[in-house]
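Okay, here's what each chain looks like letter by letter:
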Amino acid sequence: MIADSVRAELDILAVTSVSPGLAASAVKLAEALDALGPGDAPTAQAVLVDKLHAVMVRLRSLAPVQEEGDSVDDIARQREKRRAEARERAAGQ
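As the structure is a prediction and not an experimental result, all values here were calculated from the model. (Residues numbered from 1 in each chain as written. Predicted model: local features only at pLDDT ≥ 70, side-chain atom pairs only at ≥ 80, totals over all residues. Heavy atoms only, no water.)

**Topic: the nonpolar core**
Val 6, Leu 10, Val 15, Ala 26, Leu 52, Met 56 and Leu 59 are the most contacted members of the largest nonpolar core, which has 17 residues in total. Mapped onto this core, the elements with two or more residues apiece are helix H1 (2–13), helix H2 (20–35) and helix H3 (42–62). Per-element accounting of this core gives the leading share, six residues, to H2. (Core = buried A, V, L, I, M, F, W, Y, C linked by side-chain atoms within 4.5 Å. Buried < 20%, exposed > 50% of the residue type's maximum accessible area, 1.4 Å probe, protein only. Helix = DSSP H or I, 4+ residues; strand = E, 2+ residues; numbered from the N terminus.)

The following block contains the structure:
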């Protein structure tokens, strides 16, 4: 469950090739969290969560910048579309 979520995030971040050891550590920590039973000590879970969080923060900082999906780019595209439509209307008159 947690391991699946971590793997999905690693795929989105595209950091496995940048830092394969750290990515593998994140998956291993998540698998360890999934394996904890209800009778296991809460401190064990807390330690694993803390370590997983630290690894994921580091991996997120290593993630390459994504070019798509930026809201500023969306606004710029919409503005350019409106300007092109305005130029077409002006040229047609």
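That shown, we press on.
**Focus: the side chain of Ser 19**
Mapping Ser 19 onto the fold places it in the loop between H1 and H2. Here Ser 19 falls in the buried class, since its relative accessible area comes to 15%. Once residues within four sequence positions are removed from consideration, Ser 19 is found in contact with Leu 59 and Leu 62. (Contact = heavy atoms within 4.5 Å.)

**Some words on the environment of Ser 25**
Mapped onto the fold, Ser 25 is located in helix H2. Given a relative accessible area of 33%, Ser 25 falls into the partly exposed group.

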